[in-house]
Amino acid sequence: MLNAPRKDPAPEIKVISSRVPSPEEVVLVPPQILKTATKLLGLLNGNVKAKWAISGDAAEVMMGVNVNADYIEILTTKEGCDEIDKILVDYRTLAPAMVEKKIPRDADIDGKMLPVFIRSHYAEFGIDGVKVEVHGDEQIKVGEWEWGDALDYTGDYTYIPGGKLPLVPLSLKSELYLGLGWLDRVTLVSDAVLQKHHGH
C-alpha cells in the first residue's frame, strides 16, 4: 500500500558531497528520489551482507550527471536480491525471479542499430510512491551476441541524510555506454566527472 502524498511540497534538496559545488554544476535530485534513497539506506545499511549499490539514472543524478530520474535501481547479486526482498517484503510489488527484457534504447554498433537485452534476478518494490527495481547478477546482451558477465563494480559513495549511500561508479557506466554506442550519455558522464575534478 503506497502512502498518500504529502500535502506540503518537499523542499528541493541538493546532494551533499565533500565540497560546495558552484551554482552551474548543481544537479537537483528529485525530492522523492532522495527521500526513498534515504529510507532504503536506513533499511538496508548493515542488514544486507551482499554487495549492493544504487544504479541507473538515480545514481547518475546523485553524482552530478544531468539526467532525469523518476525511479531507483539497485544493483546487487542474486543473493543480495533475495536479502533485500526479505527486508522490503512489505513494499514488494514483484517477487524475485529471473527476468529477461529488452530495454527501450538500441545499441549503435558502427552505425548499425541492435536491440539490447538485460537479464537479472529481479524484484520490484513501491516505496513512498517511488518504484524501486532490484537487479541481482545483471547481464547485458546486444543483438545475437552472447550474454556478458554479471556486472561487477567497486562502489562509489555520496553522503545523504542518514549516511554514506553506495553508488555504482560512473566509470562503469561510461564503459557500458561506450560499448553500446550511446555517445550522448558518455558525454553527460564525462561532463559530470570533469565538473567534479575541476572543483577540487
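As the structure is a prediction and not an experimental result, all values here were calculated from the model.

**What to know about helix 4 (residues 170-180)**
When helix 4 is considered as a whole, its buried residues turn out to be Leu170, Leu172, Lys173, Ser174, Tyr177 and Leu180. Positive backbone phi, approximately 75°, marks Gly181, located one or two places after helix 4.

**Side note on the side chain of Lys141**
Of note, Lys141 is situated in strand 9 (residues 130-142). When neighbours within four sequence positions are excluded, Lys141 is seen to be in contact with Pro115, Val116, Phe117, Glu146 and Trp147.

**A look at helix 1 (residues 31-44)**
In this model helix 1 runs 20 Å from its N-terminal to its C-terminal C-alpha over 14 residues, within 8% of the 20 Å that 1.5 Å per residue would give. Along helix 1, the residues that are buried comprise Pro31, Ile33, Leu34, Thr36, Ala37, Leu40, Leu41 and Leu44.

**Looking at the nonpolar core**
Membership of the largest hydrophobic core comes to 54 residues, with the highest contact counts inside it found for Leu40, Trp52, Ile54, Ile72, Ile74, Ile84 and Leu165. Each residue touching Ile54, except ones within four places of it in the same chain, is listed here: Leu40, Ala59, Ile72, Glu73, Ile74, Leu165, Pro166, Leu167 and Val168.

**Comments concerning the pattern of salt bridges**
Summed over the entire model, instances satisfying the criterion amount to 10 salt bridges. Notably, a salt bridge pairs Asp85 with Arg92, separated by 2.7 Å at the nearest N-O pair. Judged by relative accessible area, Asp85 falls into the buried class, the value being 7%. Classification of Arg92 as partly exposed rests on a relative accessible area of 36%. A salt bridge links Glu133 to Lys131; its shortest N-O distance comes to 3.2 Å. Glu133 sits in the buried class, given a relative accessible area of 5%. You can call Lys131 partly exposed: its relative accessible area is 35%. Salt bridges sharing common partners tie together Asp57, Glu60, Lys173 and Arg185.

**Some words on the packing of aromatic side chains**
What characterises a pair of aromatic rings is the spacing of the ring centres plus the angle enclosed by the ring planes. Enumeration over the complete set of coordinates arrives at one aromatic pair. Both rings, one in Tyr177 and one in Trp182, keep their centres 5.7 Å apart while their planes meet at 25°; by these two values the pair is stacked. A relative accessible area of 10% means that Trp182 is categorised as buried. The cationic tip of Lys131 hangs over the ring face of Tyr71; the distance from NZ or CZ to the ring centre is 5.2 Å.

**Considerations on the side chain of Gln139**
The residue Gln139 is located in strand 9 in this model. Looking at Gln139, the relative accessible area reads 15%, which means it is buried. Engagement of the side chain of Gln139 in a polar contact is seen with the backbone oxygen of Gly148, the distance being 3.0 Å. Residues in contact with Gln139, not counting those within four places in the same chain, are Phe117, Ile118, Arg119, Trp147, Gly148, Asp149 and Ala150.

**Comments concerning unusual backbone geometry**
Residues other than glycine seldom take positive phi values, yet Asp110 does so here, at roughly 50°. Notably, Asp128 is not glycine yet its phi reads approximately 50°, a positive angle. Tracing the sequence through the fold places Asp128 in the loop between strand 8 (116-127) and strand 9. Here Asp128 falls in the buried class, since its relative accessible area comes to 11%.

**Details of the confidence of the model for the protein chain**
When pLDDT is averaged along the protein chain, the result is 88; 85% of the residues meet or exceed 70. Scored below 50 in pLDDT, residues 1-25 shows 31 contacts in the model against residues more than four places distant or in partner chains.

How each quantity is defined
- Residues numbered from 1 in each chain as written.
- Predicted model: local features only at pLDDT ≥ 70, side-chain atom pairs only at ≥ 80, totals over all residues.
- Heavy atoms only, no water.
- Buried < 20%, exposed > 50% of the residue type's maximum accessible area, 1.4 Å probe, protein only.
- Helix = DSSP H or I, 4+ residues; strand = E, 2+ residues; numbered from the N terminus.
- Contact = heavy atoms within 4.5 Å.
- Expected span 1.5 Å × (residues − 1).
- Core = buried A, V, L, I, M, F, W, Y, C linked by side-chain atoms within 4.5 Å.
- Salt bridge = Lys/Arg side-chain N within 4 Å of Asp/Glu carboxyl O.
- Phe/Tyr/Trp six-rings, centres within 6.5 Å; stacked < 30°, edge-to-face > 60°.
- Lys NZ or Arg CZ within 6 Å of the ring centre and 35° of its normal.
- Polar contact = N/O pair within 3.5 Å; in protein donor to acceptor, adjacent residues only side chain to side chain.
- pLDDT = per-residue confidence, 0-100.

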